[in-house]
Amino acid sequence: MSEFDITSLIKERAGENYDLHEQHVNRTLVKVLRTIGFDKVYARAKGSYLYDAEGNDYLDFLSGYGVYNIGRNHPLVAKAIKDVLDQDLSNMVQMDCALLSGLLAEKVVEITPEHLDAVFFCNSGAEAVEGALKFARGATGRKRILSLAGGYHGLTLGALSFTNNGNFQEGFGPLLPGAEKVGYGDLNELEDKLRQGDVAAFIAEPVQGKGVYWPEEDYFPQAQELCRKYGALFIMDEVQTGFGRTGKMWALEHWNLEPDILTMAKAISGGYVPAAAFVTRREIHQKVFNRLDRCVVHSTTFGRNNLAMTAGLATIHVLQQENLVANAAWAGKVIEEKLIELKARHELIQDIRVKGCMVAVEFGEPRSMKMKLAWKGIHAVDKGLFPQMIVTPLMTKHRVLTHVAGHNLDIIKALPPLIIGEPEINRFINGLDDVLQDCTRLPGPMWDFGRNLVQTAIKQRKSKKLAPA
Ligand code: PMP
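Residues numbered from 1 in each chain as written. Predicted model: local features only at pLDDT ≥ 70, side-chain atom pairs only at ≥ 80, totals over all residues. Heavy atoms only, no water.

> Lay out the site of the ligand in plain terms, naming residues and giving numbers.
Around the ligand sit Ser124, Gly125, Ala126, Tyr152, His153, Gly154, Glu205, Asp237, Val239, Gln240 and Lys266, and that is every residue in its neighbourhood. Interatomic distance of 2.9 Å between a side-chain N/O atom of Lys266 and a nitrogen atom of the ligand. In the complex, 80% of the free accessible area of the ligand, which totals 390 Å², lies under the protein chains. Looking at side-chain class alone, the shell around the ligand contains 3 nonpolar, 5 polar and 3 charged residues. (Near = heavy atom within 4 Å. Polar contact = N/O pair within 3.5 Å; in protein donor to acceptor, adjacent residues only side chain to side chain. Areas by Shrake-Rupley, 256 points an atom, 1.4 Å probe, with all protein chains shown as cover. Nonpolar A, V, L, I, M, F, W, Y, C, P; charged D, E, K, R; others polar.)

> Got a sec to walk through the sheet that holds strand E11 (residues 349-355)? Specific residues and values, please.
The strand order across the open sheet built from 4 strands is E11-E12-E15-E14, with neighbouring strands paired in antiparallel fashion. Of all the strands in the sheet, the pair left with one neighbour each is E11 and strand E14 (403-404). (Pairing = 2+ DSSP bridges. Helix = DSSP H or I, 4+ residues; strand = E, 2+ residues; numbered from the N terminus.)

> Would you mind going over the pattern of salt bridges in detail, with residue names and values included?
In this structure the tally under the stated criterion is 28 salt bridges. The shortest N-O distance in the salt bridge between Asp57 and Arg399 comes to 2.9 Å. With a gap of 342 residues between them, Asp57 in strand E3 (residues 57-60) and Arg399 in the loop between helix H15 (386-396) and strand E13 (400-401) connect regions that are remote in the sequence. Here the salt bridges do not stand alone but share partners, grouping Arg228, Asp260, Arg281, Glu283 and Lys287 into one network. (Salt bridge = Lys/Arg side-chain N within 4 Å of Asp/Glu carboxyl O.)

> For the nonpolar core, give the residues involved together with the corresponding values.
The biggest cluster of nonpolar side chains holds 116 residues, and the ones touching the most others in it are Leu190, Phe202, Phe243, Leu339, Phe363, Ile390 and Leu432. Per-element accounting of this core gives the leading share, 8 residues, to helix H13 (residues 324-345). Counting contributing residues per domain, this core is built from domain 1 (13-70 + 324-466) and domain 2 (75-321), each supplying no fewer than three. If near-sequence neighbours (up to four positions away) are discounted, Leu190 is found in contact with Leu146, Val182, Phe202, Tyr219, Ala223 and Leu226. Core analysis: the second largest hydrophobic core is formed by 26 residues, Phe135, Ala200, Val239 and Val288 among them. (Core = buried A, V, L, I, M, F, W, Y, C linked by side-chain atoms within 4.5 Å. Buried < 20%, exposed > 50% of the residue type's maximum accessible area, 1.4 Å probe, protein only. Domains from an automatic or database assignment. Contact = heavy atoms within 4.5 Å.)

> How would you explain the environment of Leu59 if you had to name every residue and give the values?
Mapping Leu59 onto the fold places it in strand E3. C-alpha of Leu59 to C-alpha of Asp96: the two residues are 37 residues apart in sequence and 44 Å apart in space. Each residue touching Leu59, except ones within four places of it in the same chain, is listed here: Ser48, Tyr49, Arg399, Val400, Leu401, Glu424, Arg427 and Phe428.

> So what about the pairing of strand E7 (residues 199-204)? Which residues, and what values?
Of all 6 residues in E7, 6 are buried; the element is thus mostly enclosed. The pairing of strand E5 (residues 144-148) with E7 spans 4 bridges and is classified as parallel. The partner of Leu146 across the bridge, within E7, is Phe202. Inspection of the sheet shows E7 paired to strand E8 (residues 233-237) by 4 bridges, in the parallel sense. Pairing of Ala204 across the sheet is with Met236, part of E8. Note on the crossover from E7 through helix H10 (residues 219-230) to E8: the handedness is right-handed. (Right-handed = clockwise from strand over helix to strand, strands pointing away.)

> Tell me about the domain arrangement of the protein, residues and numbers included.
Quite often, the size of an interface is put as the accessible area lost when its parts meet. Each assigned domain of the protein is listed here: domain 1 (13-70 + 324-466) and domain 2 (75-321). In this complex, domain 1 contributes 30 residues to the contact, which on the side of domain 2 involves 32 residues. Between domain 1 and domain 2 the total buried area reaches about 2,400 Å² when both faces are included, carbon and sulfur atoms providing 63% of it. The largest share of the area that domain 1 buries against domain 2 comes from Ile70, Lys355 and Met358, three residues that together contribute 28% of it. (Buried area = accessible area lost by both parts, 1.4 Å probe.)

> How would you summarise the state of the cysteines if you had to cite specific residues and measurements?
Counted under the stated rule, the structure contains 0 disulfides. Cys122 forms no disulfide, and the closest cysteine sulfur to it belongs to Cys97, at a distance of 17 Å. (Disulfide = S-S within 2.5 Å.)

> Now, about the side chain of His74: what can you tell me, with residues and values included?
Relative to the helices and strands, His74 resides in the loop between helix H4 (63-66) and helix H5 (75-86). One polar contact links the side chain of His74 to the main-chain amide nitrogen of Leu76, over a distance of 3.1 Å. A distance of 2.7 Å separates a polar atom in the side chain of His74 from a polar atom in the side chain of Glu322.

> An account of the pairing of strand E10 (residues 276-280) is needed here, citing residue identities and associated values.
Within E10, 5 of the 5 residues are buried, leaving the element largely enclosed by the surrounding structure. Side-chain alternation along E10 places Ala276, Phe278 and Thr280 on one buried face and Ala277 and Val279 on a second face that is also buried. As defined by bridge partners, strand E4 (residues 118-122) adjoins E10 across 5 bridges and the pair is classed as antiparallel. Its bridge partner being in E10, Ala118 is matched across the sheet by Thr280. Relative to E10, strand E9 (residues 261-264) runs antiparallel, the two sharing 4 bridges. What sits directly across from Thr263, in E10, is Phe278.

> Please set out the sheet that holds E13 residue by residue, giving values where relevant.
Within a beta sheet, neighbouring strands are joined by backbone hydrogen bonds and run either parallel or antiparallel to one another. Strand order in this open sheet of 4 strands is E1-E2-E3-E13, and the pairing throughout is mixed. Two strands bound the open sheet, and with one partner strand each, they are strand E1 (42-46) and E13. Summarising the sheet, E3 and E13 pair through 2 bridges and their orientation is parallel. When the sheet's bridge partners are listed, Leu59 is paired in E13 with Val400.

Structure, rendered in structure tokens:
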């Protein structure tokens, strides 16, 4: 039997990444990545940067969709995981209570609002949302659940029913009965729906991930009040906004909210091990685990595993020790100031929205005739292509990784790690400045690339029409 050596395996097969995925994984994603010039092979990562085999650095303003709040490959988290591996601890005995999950639960309770004191651990954001929704139904005995238009709560069938956004739901119905959408910022509609007295919960992201939106100042406090009035639970989904992302440990702190359930995932474990949780009031917890024969009525095999718990403890330690929440607030301020400057110089920028290290730049139809025509041409074919014309050269010319904020939105989004300083901010801003400058050259390479994207989109549609049903 040959020896297994992961280091040699990685060395031997390096570079086969996209071919392997084309053959065995998501071939459509491979096609998209190749089309938009994102088909890079990364060899290493540290802090705010990714590196290819030639040693080129790529500034990571995506952070694995908001996972790497403390930066990539933080040595303290790596050491904690290695130390725990070396101890050969018992793990997932299941019929026991392990120390590490108890310790992380204690920590989660310590850093979340005071009234939240009972934790459930799981493996992904969607799973935390599923759990929160089940607990809401279980604890209230009610069936209906409300969520906001434009919200994103995950893609498992239950969570998907509340992801009122883009094309995620298309083709997967029927969705969960009792799932209802309410207009963003519309308190009257919310009250109308709550008034019927059969709503288990209202779930919302404090800052919507798709597009980086937050409502008027008094919306959430009043929505919370309405939930209380009609006996519905108020769930804040902080899977993306949690752990300092918006310049506060929890985005709910921007409005001093006191949700009944708070979901978290992504950044909790420093990007090493899948982990997620939700925290709620003991009373709600006990209504679910209400009899001895129901002590595991909600559970998941890997939920409290040692590696995730260790990574969680170490990650929260780093967040606090390195003052990363304050740094995220500082970085957000600097980015916002610089984007305001850019907006004054680039007519393509219509709006900017920044909450800590959650950044959106929204584009709008330019006034100058030539650009207006080109803008209209691109949008006539596909409403979602223009921001890709910004994101791709940011990557290919400046090696800055950002992403398009969602379907049919003229928005690019950046989720930098919370550790960034002036050099990272300047590289992002200067890159964006240069790319927007390139957009004013018409004809020019930017619009040529846009035309290529358009042609690929048209070809794809034609081939779909020709394909047998
Ligand atoms: N809720 C929110 C607010 C999210 O941003 C996400 C992920 N983007 C999820 C839930 C789902 O998390 P996961 O991808 O880990 O299932």
